[in-house]
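# Descriptive structure summary
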Amino acid sequence: MESVFSAKKSGLHWLWLSLIVIVADQLVKYLIRTHLLYNESVNVFPFFNLTLAHNKGAAFSFLSEGGYWAPLLFIVTALIISTVLCIWMYRLPPKNYWLGIGLALILGGAIGNLIDRLIFGYVIDFVHLHVANWSFPIFNIADVGITVGALMLIIDIFKKKSP
């Protein structure tokens, strides 16, 4: 009898990639938390610092001053998105590897940031890219997973052949 959660016949076989994103994200965040103080910055390259930051909002600190309801909104949204992604991956044919990898990266990033919100009430960010007076918002490995996964989904849409 075949399991309802059979990974071999669905996109669920990419869940290992989600797990890699989650573990890498949480491990590096742990190291950053234990070696840097809040807002402390260590220059690694002329354009790259490790800076411990707390993001109470969504991407680019959107709704960071949202009040008591904002963290709950982000947690519920992450849970819903993670559930939808798992269902999508379950229904995805295993041969659709580009889309499967993209979904797995987004799922791993969503869960990585969700773990932070559940434990700390905010997301730990630490990658700070800058050049001269320009500075990109500080982000983390989970954010990279979400971004790369989303780009893969967009590319997948454009690479589909017309009927």
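The structure reproduced in this document is the subject of the present report.

Parameters at a glance
- For every chain, the first residue of the written sequence is number 1, and numbering continues from 1 along that sequence.
- Since the coordinates come from a predicted model, pLDDT governs what is reported: local features require at least 70, and pairs of side-chain atoms require 80 or more to be given and counted, while whole-chain, interface and lining totals use all residues.
- Water and hydrogen atoms play no part in the side-chain values, which are based on all heavy atoms of the structure.
- When DSSP locates at least two bridges between a pair of strands, those strands are taken to pair.
- Runs of H or I in DSSP of at least four residues are treated as helices and runs of E of at least two as strands, each being numbered from the N terminus.
- Every residue pair with non-hydrogen atoms within 4.5 Å of one another is taken to be in contact.
- A fitted line through C-alpha atoms represents every axis, and for helices the fit uses only the stretch in contact; the resulting angles, taken between N-to-C directions, go from 0 to 180 degrees.
- Note on patches: the residues involved have over 30% relative accessible area and no salt bridge, like charges join within 9 Å, and the nonpolar side chains Val, Leu, Ile, Met, Phe, Trp and Tyr join within 5 Å.
- Every accessible area reported is derived by Shrake-Rupley at a probe size of 1.4 Å, with residue values counting cover from the shown protein chains alone.
- A pairing counts as a salt bridge when a side-chain nitrogen of Lys or Arg comes within 4 Å of a carboxyl oxygen of Asp or Glu.
- Working rule for helices: expected span equals 1.5 Å times residues minus one.
- Per-residue accessibility, obtained with a 1.4 Å probe over protein chains only, is compared with the maximum for each type, and a residue is labelled buried under 20%, exposed over 50%, and partly exposed between these values.
- An angle counts as roughly parallel when it lies under 35 degrees, as roughly antiparallel when it exceeds 145, as roughly perpendicular when it falls between 65 and 115, and as oblique in every other case.
- Handedness of a crossing follows from how the near helix is turned relative to the far one, being left-handed for an anticlockwise turn of less than a right angle and right-handed for a clockwise one.
- Residue classes follow a fixed rule: Ala, Val, Leu, Ile, Met, Phe, Trp, Tyr, Cys and Pro count as nonpolar, while Asp, Glu, Lys and Arg count as charged, and any other residue, Gly among them, counts as polar.
- Each Phe, Tyr or Trp ring (for Trp, its six-membered ring) is paired with any other whose centre lies within 6.5 Å, and the angle between the two planes then decides the class: stacked below 30 degrees, edge-to-face above 60, tilted in between.

## Some remarks on the sheet that holds strand S2 (residues 48-55)
Taken together, the four strands give an open sheet; going across it, the order is S1-S2-S3-S4, and neighbouring strands pair in antiparallel fashion. Of all the strands in the sheet, just strand S1 (41-45) and strand S4 (134-135) have a single pairing partner and so form its edges. Of the pairings in the sheet, the one linking S1 to S2 comprises four bridges and is antiparallel in character. When the bridges of S2 are listed, Ser41 appears paired with Thr51. Helix H1 (residues 15-35) rests against S2 and strand S3 (123-131) of the sheet, and its axis sits at about 80° to S3. Running at roughly 125° to S3, helix H3 (residues 97-120) makes contact with S2 and S3 of the sheet.

## Points about a nonpolar patch on the surface
On the surface, a nonpolar cluster with roughly 640 Å² of combined accessible area is contributed by Val42, Val44, Phe45, Phe47, Val131, Trp134 and Phe136. Structurally, Trp134 is set in strand S4.

## Quick word on H1
For H1, with 21 residues, the first-to-last C-alpha span of 30 Å sits near the 30 Å given by 1.5 Å per residue. Its buried side turned inward, H1 meets S2, H3, S3 and helix H4 (141-159).

## Some remarks on the side chain of Gln26
Examined against the element boundaries, Gln26 turns out to sit in helix H1. A relative accessible area of 18% places Gln26 in the buried class. Sequence-distant contacts of Gln26, that is, excluding residues within four places in its chain, are made with Gly112, Ile115 and Asp116.

## Observations regarding the packing of H3 against H4
In contact at an axis separation of 7 Å, H3 and H4 are set at 155° when each is read in the N-to-C sense. As judged from the angle between their axes, H3 and H4 are roughly antiparallel. Of the two possible hands of crossing, H3 and H4 adopt the one that is left-handed. Here Trp98, Leu99, Ile101, Gly102, Leu103, Leu105, Ile106, Gly109, Ala110, Gly112 and Asn113 of H3 lie close against H4, whose contacting residues are Ala142, Asp143, Gly145, Ile146, Val148, Gly149, Ala150, Met152, Leu153, Ile155, Asp156 and Lys159. Residues that form the contact of H3 with H4 fall into these classes: 14 nonpolar, six polar and three charged.

## With respect to unusual backbone geometry
Residue Asn39 is not a glycine yet carries a positive backbone phi of 70°. With respect to the helices and strands, the residue Asn39 is situated in the loop between H1 and S1. At Ala132, a position not held by glycine, the phi torsion is positive, near 50°. Looking at the secondary structure, you find Ala132 in the loop between S3 and S4.

## Brief notes about the pattern of salt bridges
A complete count under the given rule lists three salt bridges for this structure. Here Lys29 ties to Asp116 by a salt bridge, and the two come within 2.6 Å at their closest N and O atoms. Here Asp116 lies in helix H3 and Lys29 lies in helix H1, a separation of 87 residues in the sequence. Assigned by exposure class, Lys29 and Asp116 land together as buried. Linking Asp156 and Lys159 is a salt bridge whose minimum nitrogen-to-oxygen distance equals 3.8 Å. Here Asp156 pairs with Lys159, and both are found in helix H4, just three residues apart, close to one helical turn.

## Let's talk about the packing of aromatic side chains
The final tally for this structure, using the stated rule, is six aromatic pairs. For the pair Trp14 and Trp16, a centre-to-centre distance of 6.0 Å together with 35° between the ring planes defines the contact as tilted. Of the residues examined, Trp14 reaches a relative accessible area of 14% and is grouped as buried. Ring centres of Trp134 and Phe136 lie 6.1 Å apart, and the angle between their planes is 45°; this geometry places the pair in the tilted category. The class of Trp134 is partly exposed, set by a relative accessible area of 49%. With a relative accessible area of 32%, Phe136 lands in the partly exposed category.

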